[in-house]
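Now for the letters of each chain:
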Amino acid sequence: MTSTVAPPPNRPPRRRSALRRRNTLIGWTFILPNFAGFAAFTLVPVLILFYMAFTNWNVFGKADWVGFANFQRLLGDGSFRISFWNTIYYSVMHIPLTIVVSLGLALLLNSKLRGVAFFRTAAFFPYITSIVAIAVVWNLLFSPDFGPINAVLRSIGIAHPPGWLTSKDWAMPAVVIVSTWRDMGYYMILFLAGLQTVPRELHEAARVDGANVWQRFLNVTLPCLRPTMFFVTVMLTINSLKIFDLILVMTNGGPGQATMVLSQFIYRKGFVESQFGYASAASVALFLLCIIVTIAQFLWNKRRSV
């Protein structure tokens, strides 16, 4: 003898509508606090920024509408061009170097060795250290006459080591070294998380087929890390294009304009020279640069995934 369970009675339309409204209200109670903060401190200022980019305003008085005059001025501004190419120069060096170093650290620390947790923490520690403290310490290390880095270079036979932060040719590479040292721990954690998802069976099968360590890395590890690599590349690109704090504290854009980047150009025009309309136009240009590069990366990754 089998028993059948009667289906639950259908709720009346009015009750279903009340339940739907209740669920919607509960959902909005969770969303509204975060959205209100986002709207007040991000969305509205961004909209105001786009409006100010087409005006001439120096805090005092009324903002005068000037159309595309600020953008035309940017095209002829030598300081803007220098800061633009310095930003590209920094990004081109910083992104691949940080990826290589952080991935190498992740591969070294992706093992169950005694003390591996300590080394992971030590590698991540610079990322949470104060930018001011990092800049002061590295400025001392890079001191041309008394810094330990040049002392080591002299000890190995280099009679005239670089001037580092006092040299127009070496200031940006020095900043890239410090920035990579600071950021490598954070991206190492992301790569470690990605390495945990690589199936062991694939490595074992490749080892049985006679693949060496390098072949297993190229044909097993890297393909499995593609989503992590894409995320790290996008985040690194955006953070590199809007680098500001480390350069401001270490070199303040010097010597001359050798390390002045777009974010610092915007800061100087807006908060030092009070040209907020012009600074807003430069901010829009930086925003468009980030958007174009990010879209290109998404399209490239989508094409590779097909």
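Please read these numbers as outputs of a predicted model, since none were measured by experiment.

(A) View of the environment of Val284. Tracing the backbone through its elements, the reader meets Val284 in helix α13 (residues 276-305). Judged by its relative accessible area of 6%, Val284 falls in the buried class. Each C-alpha atom, one on Val284 and one on Asn34, is 25 Å from the other, the two residues being 250 residues apart in sequence.

(B) The nonpolar core, seen in detail. Counting residues in each nonpolar core, the largest one holds 20 residues, and the members touching the most others are Ile99, Leu103, Ala106, Met188, Phe191, Val232 and Leu236. For this core, the secondary-structure elements that each account for two or more residues are α3 (78-109), α4 (116-124), α7 (171-195) and α10 (226-241). Here the element with the most residues in this core is α7; it accounts for 7 residues. Among the nonpolar cores identified, the runner-up in size contains 19 residues, and Leu153, Leu165, Val178 and Ile247 belong to it.

(C) Representation of the layout of surface pockets. In this structure, the largest pocket occupies an estimated 590 Å³ of space. What lines the largest pocket is a set of 16 residues, and nearest its centre among them are Asn110, Leu195, Arg200, His203 and Thr221. Breaking the lining of the largest pocket down by element, the ones donating at least two residues are α8 (200-208) and α9 (213-224). Per-class residue counts for the lining of the largest pocket are 5 nonpolar, 5 polar and 6 charged.

(D) Representation of the pairing of strand β2 (residues 60-65) in the model. Burial analysis of β2 places just 0 of its 6 residues in the buried class, which makes it a mostly uncovered element. Joining the antiparallel neighbours strand β1 (residues 55-58) and β2 is a turn of 1 residue, in which Val59 adopts a positive phi near 80°.

(E) Examining the environment of Ala193 more closely. Assignment of secondary structure puts Ala193 in helix α7. Separated by 87 residues in sequence, Ala193 and Ala106 place their C-alpha atoms 9.0 Å apart.

(F) Quick look at the pattern of salt bridges. Applying the stated criterion to the full structure yields 2 salt bridges. Between Glu273 and Lys269 there is a salt bridge whose closest N-O contact spans 3.2 Å.

(G) Fine view of unusual backbone geometry. For the bond running from Gly254 to Pro255, omega is -5°, close enough to zero to count as cis. Its location among the elements puts Pro255 in the loop between α11 (245-250) and α12 (262-272). Residues other than glycine seldom take positive phi values, yet Ser274 does so here, at roughly 60°. Mapped onto the secondary structure, Ser274 falls in the loop between α12 and α13.

(H) View of the packing of α7 against α10. The interhelical angle for the contact between α7 and α10, taken along N-to-C directions, is 165°, at an axis separation of 10 Å. Taken together, the axes of α7 and α10 are roughly antiparallel relative to one another. For the crossing formed where α7 meets α10, the hand is right-handed. When α7 is examined against α10, the residues Tyr187, Leu190, Phe191 and Gly194 are found in contact with a partner set consisting of Thr228, Met229, Phe231, Val232, Met235, Leu236 and Asn239. Of the residues assigned to the contact of α7 with α10, the class counts are 8 nonpolar, 3 polar and no charged.

Conventions used here
- Residues numbered from 1 in each chain as written.
- Predicted model: local features only at pLDDT ≥ 70, side-chain atom pairs only at ≥ 80, totals over all residues.
- Heavy atoms only, no water.
- Helix = DSSP H or I, 4+ residues; strand = E, 2+ residues; numbered from the N terminus.
- Buried < 20%, exposed > 50% of the residue type's maximum accessible area, 1.4 Å probe, protein only.
- Core = buried A, V, L, I, M, F, W, Y, C linked by side-chain atoms within 4.5 Å.
- 1 Å grid on protein atoms, 1.4 Å probe; cavity = no way out; pocket = protein on both sides within 12 Å on 5 of 7 lines; lining within 4 Å.
- Points joined across faces, edges and corners; volume = space filled by probe spheres on them.
- Nonpolar A, V, L, I, M, F, W, Y, C, P; charged D, E, K, R; others polar.
- Pairing = 2+ DSSP bridges.
- Salt bridge = Lys/Arg side-chain N within 4 Å of Asp/Glu carboxyl O.
- Axes fitted to C-alpha atoms, helices over the stretch in contact; angles between N-to-C directions.
- Parallel < 35°, antiparallel > 145°, perpendicular 65-115°, else oblique.
- Left-handed = near helix turned anticlockwise from the far one by under 90°.
- Contact = heavy atoms within 4.5 Å.

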